[in-house]
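Read off the chains here:
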Amino acid sequence: MNIDFIILAAGKGTRMGGNSPKVLASLAGRPMIQHLIQTVDSFPRSKTSVIVGYKSKEVEQSIISTKKISFISQKNQLGTAHAVKQTLPSLKKNSISVVLYGDAPLVKKNTLNKLINSAAKGKLSLLTFIKEDPMGYGRIIRGPRNSVQKIVEHKDASSSEKEISEVNSGILAIKTDLLQKFIPSIKNNNAAKEYYLTDLVEIANKNSVGVVATVCDSHEVGGANNKKELHDLERQCQRRLGEDLLRKGISVADTSRIDIRGETKIGENSFIDINNVFEGSNVLGKNVQVGPNCYIANSTIKDNTIIYANTVIEDCVVGKNCKLGPFARIRGGTELNEGAELGNFVEANRSNVGKSSKAKHLTYLGDAQLGSKVNVGAGTITCNYDGKNKHKTTIKDGSFIGSNSSLVAPLTLGEGSYTGAGSVITKDVPKGKLAVGRGKQVNLDRKK
Ligand code: UD1
Ligand code: CA
């Protein structure tokens, strides 16, 4: 069975506010419509058309698909039936057409499969849901034996019809030849002067085509017309992502307090505490522990590493068996090799920390290359910026940097070298030497 997916995405979405097309509003870090694309991409023998209009270039460029998508332009947004009409000539013969609204992106594959099977039996098949405050939605008018007589849009509804809480999701499936036959007869004689796709229901009934409406969970088929609904979709989407992790054997302290914006892969037996935000693309290995309140973006964290509370990691690679935080910040392509530790109030930028090296307190490492088993004392700063340029600090294997050292780059500290606490180091330190660069202590008599 061939499937023709038709995704409506031409409107601006005035109720959402702002100037960006509504279908590009961010949902779990991706444009809302991208969630639908991912779902339809998973259907074999399917073709996808996206109806674009408002800021069409922006919409087209934002979509990433594994399949070729036909973008069909709808110059003036004269209504949902008018939008579907634009695709009619390009639909496959004998296929099933599935209409999706770009602003209702969380429908599951399983649900669509059932909808398609019902349409394959010659029915007009719809998905509906119950909305306590159905303001703005098309109401489902049921008749005897649960039949569906028509859909009445909010603007056209009588006060008793407005009481109905079963509403149209917009998602429907029908044999393509029936769609091609019915759409041209839809008129715009309604309150909005728009061509309503929902008029299909009455037309199907007139033509003795059965109409089946399945009530679904509002979290799944509900859409986002405004900021409140977008917020609710985001929470739903995050809950699903959290539950997916649990199913894969990852412990999540609270699925209502995790935010995955983009794509984050996490290995089994890892633990994610509350209030963590993952952004962009991240890969966490097995048995990784992430304490509360961390922000992790575009980074890799390998097996058995512990990230303590309130740590920020951006564009970094953290090796196996490392410890980071609490209150550490690493960024700019920083790499920690196996067993490295950066502790509280340590910042590392564009740096490489060798195997088993440690800076456990109050340190800034900028443009620094640390060999293995280096120990950096509290309060150490790499002075990497002279006001114009950035310079490198190289600290070779087994070196020991005394507390409160200022390492003025460019600088190389040889293997096994030492610096005395409180030193300002401006010259290279040869292998094995102890460098001391500080005023000598004098003990003076005090005036009585
Ligand atoms: C529509 C339904 C309503 C349903 C609701 C669910 C109609 C007439 N009404 O109303 O029954 O309860 O969705 O959210 O279908 N679009 C176009 N071209 C157009 C008009 C719309 O591509 O000319 C796109 C929009 O970008 C959007 C989708 O179609 O993605 C739905 O349009 P929208 O204006 O949000 O419809 P609703 O008023 O919500
Ligand atoms: Ca809508």
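Nothing here was measured: the structure is a model prediction, and the numbers come from that model.

Rules and cut-offs
Residues numbered from 1 in each chain as written. Chains lettered and ligands numbered in written order. Predicted model: local features only at pLDDT ≥ 70, side-chain atom pairs only at ≥ 80, totals over all residues. Heavy atoms only, no water. Near = heavy atom within 4 Å. Polar contact = N/O pair within 3.5 Å; in protein donor to acceptor, adjacent residues only side chain to side chain. Areas by Shrake-Rupley, 256 points an atom, 1.4 Å probe, with all protein chains shown as cover. Domains from an automatic or database assignment. Helix = DSSP H or I, 4+ residues; strand = E, 2+ residues; numbered from the N terminus. Buried < 20%, exposed > 50% of the residue type's maximum accessible area, 1.4 Å probe, protein only. Contact = heavy atoms within 4.5 Å. 1 Å grid on protein atoms, 1.4 Å probe; cavity = no way out; pocket = protein on both sides within 12 Å on 5 of 7 lines; lining within 4 Å. Points joined across faces, edges and corners; volume = space filled by probe spheres on them. Nonpolar A, V, L, I, M, F, W, Y, C, P; charged D, E, K, R; others polar. Patch = residues over 30% accessible without salt bridge, like charges linked within 9 Å, V, L, I, M, F, W, Y side chains within 5 Å. Salt bridge = Lys/Arg side-chain N within 4 Å of Asp/Glu carboxyl O.

S.K.: Sorry, what's going on with the site of ligand 1 here?
M.R.: The environment of ligand 1 is formed by 23 residues, the closest being Gly11, Gln74, Thr80, Glu153 and Asn168. One nitrogen or oxygen atom from the main chain of Leu8 is found 3.0 Å from an oxygen atom belonging to ligand 1. Tyr101 places a side-chain nitrogen or oxygen 2.8 Å from an oxygen atom of ligand 1. With the chains in place, 89% of the 750 Å² that ligand 1 exposes on its own is no longer accessible.

S.K.: Is there a simple way to think about the domain arrangement of the protein in this case?
M.R.: Where the parts come together, the accessible area they lose is often given as the size of the interface. Segmenting the protein into domains produces domain 1 (2–221) and domain 2 (248–435). Here domain 1 and domain 2 have C-alpha centroids that lie 49 Å from each other.

S.K.: Explanation requested: unusual backbone geometry in the structure shown.
M.R.: Most peptide bonds adopt trans geometry, and most residues besides glycine take a negative phi value. Backbone torsion omega between Gly325 and Pro326 reads 0°, so that peptide bond is classified as cis. Phi angles above zero are rare outside glycine, and Asn269 is one such case at about 70°. Note on placement: Asn269 falls in the loop between strand S13 (258–266) and strand S14 (271–272). Residue classification places Asn269 among the exposed residues on the basis of a relative accessible area of 55%.

S.K.: What is the right way to read the environment of Leu115 from this model?
M.R.: When you line up the elements, Leu115 lands in helix H4 (residues 109–120). Along the chain, Leu115 and Leu362 lie 247 residues apart, while their C-alpha atoms are 59 Å from each other. When near neighbours in sequence (up to four residues on either side) are disregarded, Leu115 contacts Val98, Ser125, Leu126, Leu127, Ile171, Leu172 and Ala173.

S.K.: How should empty space enclosed by the protein be read in this particular structure?
M.R.: Empty space among the atoms becomes apparent when a probe as large as a water molecule is rolled across them. Scanning the model with the defined rule gives one cavity of 30 Å³ or more in all. Lining the largest cavity, in full, are Tyr101, Leu126, Ile151, Asn168, Gly170, Leu172, Leu197, Thr198 and Val201. No other element matches the three residues that strand S10 (residues 166–175) contributes to the lining of the largest cavity. Its residues placed into classes, the lining of the largest cavity shows six nonpolar, three polar and no charged.

S.K.: How do you make sense of a nonpolar patch on the surface when you look at a structure like this?
M.R.: On the surface, Phe400, Tyr418, Leu434 and Val436 cluster together into a nonpolar patch covering about 400 Å² of accessible area. Mapping Val436 onto the fold places it in the segment after strand S37 (434–435).

S.K.: Would you mind showing me how to read the environment of Lys323 here?
M.R.: Within the fold, Lys323 resides in strand S22 (residues 323–324). The sequence separation of Lys323 and Thr255 amounts to 68 residues, and the corresponding C-alpha distance is 25 Å. Those residues in contact with Lys323 that sit more than four places away from it in its chain are Ile306, Tyr308, Ala340, Glu341 and Leu342.

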